[in-house]
Amino acid sequence: MATSKEFHDYIIENLQRAGIVSSRKMMGEYIVYYQDKLVGMICDNCFFLKPTEKVLQLLPDAQRAYPYEGCKTLMVMVEEVEDRKLMSLILNEMYLELPEPNKKPKKRKQRRKKRC
């Protein structure tokens, strides 16, 4: 089951109260970024965060699950997205733990000349 647009908007709206959050649609689900660092996913109308050390400390009782079939990482399911203070703390701490994103320059597609 793909994530509904309404659920996606609800999660992103709540997270944006904590800072600069964006998402990218991928195969009916969404990848979530905080200040350009991948922090989690929205899959099957559930919100998941990467299991960083701080996430595990701040959400010790949160359920762990695989966001999609074939996923190799057991992620943390988050239900407290409306708790602005908690989400701000989690996202800021995650930002410090996560590696810098790879900023490879995009390759420009070369246009082929039409042959007459």
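Please refer to the structure placed before this passage.
Residues numbered from 1 in each chain as written. Predicted model: local features only at pLDDT ≥ 70, side-chain atom pairs only at ≥ 80, totals over all residues. Heavy atoms only, no water.

1. Details of the nonpolar core
- In terms of nonpolar packing, the biggest core is built from 24 residues, with L15, V32, V39, F47, L49, L59 and I90 touching the most fellow members.
- Those elements that provide at least two residues to this core are α1 (5-16), β2 (29-34), β3 (37-43), β4 (46-49), β6 (75-78) and α3 (84-97).
- Take this core: its biggest share by element is 5 residues, from α3.
- In contact with V39, other than residues within four places in its own chain, are V32, Y33, Y34, F48, L49, K50, L91, M94 and L98. (Core = buried A, V, L, I, M, F, W, Y, C linked by side-chain atoms within 4.5 Å. Buried < 20%, exposed > 50% of the residue type's maximum accessible area, 1.4 Å probe, protein only. Helix = DSSP H or I, 4+ residues; strand = E, 2+ residues; numbered from the N terminus. Contact = heavy atoms within 4.5 Å.)

2. Some points on the side chain of H8
- Tracing the backbone through its elements, the reader meets H8 in helix α1.
- When near neighbours in sequence (up to four residues on either side) are disregarded, H8 contacts T3, S23, Y30 and I42.

3. Comments concerning the packing of aromatic side chains
- Taken as a whole and assessed by the stated rule, the structure comprises 2 aromatic pairs.
- Judged by centre distance (6.3 Å) and plane angle (45 degrees), the rings of F7 and Y10 are tilted. With F7 and Y10 both in helix α1, this residue pair falls 3 residues apart, about one helical turn.
- A relative accessible area of 33% means that Y10 is categorised as partly exposed.
- Taking the centre distance of 6.1 Å and the plane angle of 85 degrees together, the rings of Y34 and Y95 count as edge-to-face. (Phe/Tyr/Trp six-rings, centres within 6.5 Å; stacked < 30°, edge-to-face > 60°.)

4. Remarks on the sheet that holds strand β5 (residues 64-65)
- Spatially, the 6 strands line up as an open sheet ordered β1-β2-β3-β4-β6-β5, and their pairing is antiparallel. With one partner strand each, in any of the chains shown, β1 (21-26) and β5 form the two edges of the open sheet.
- As paired elements, β3 and β4 share 4 bridges and run antiparallel to each other. Within β4, the residue paired with C43 across the bridge is C46.
- Strands β1, β2, β3 and β4 of the sheet are contacted by α1, whose axis makes an angle of about 155 degrees with β1.
- Contacts from α3 reach β1, β2, β3, β4 and β6, with the element oriented near 40 degrees to β4. (Pairing = 2+ DSSP bridges. Axes fitted to C-alpha atoms, helices over the stretch in contact; angles between N-to-C directions.)

What is shown is where atoms sit, not what they do.
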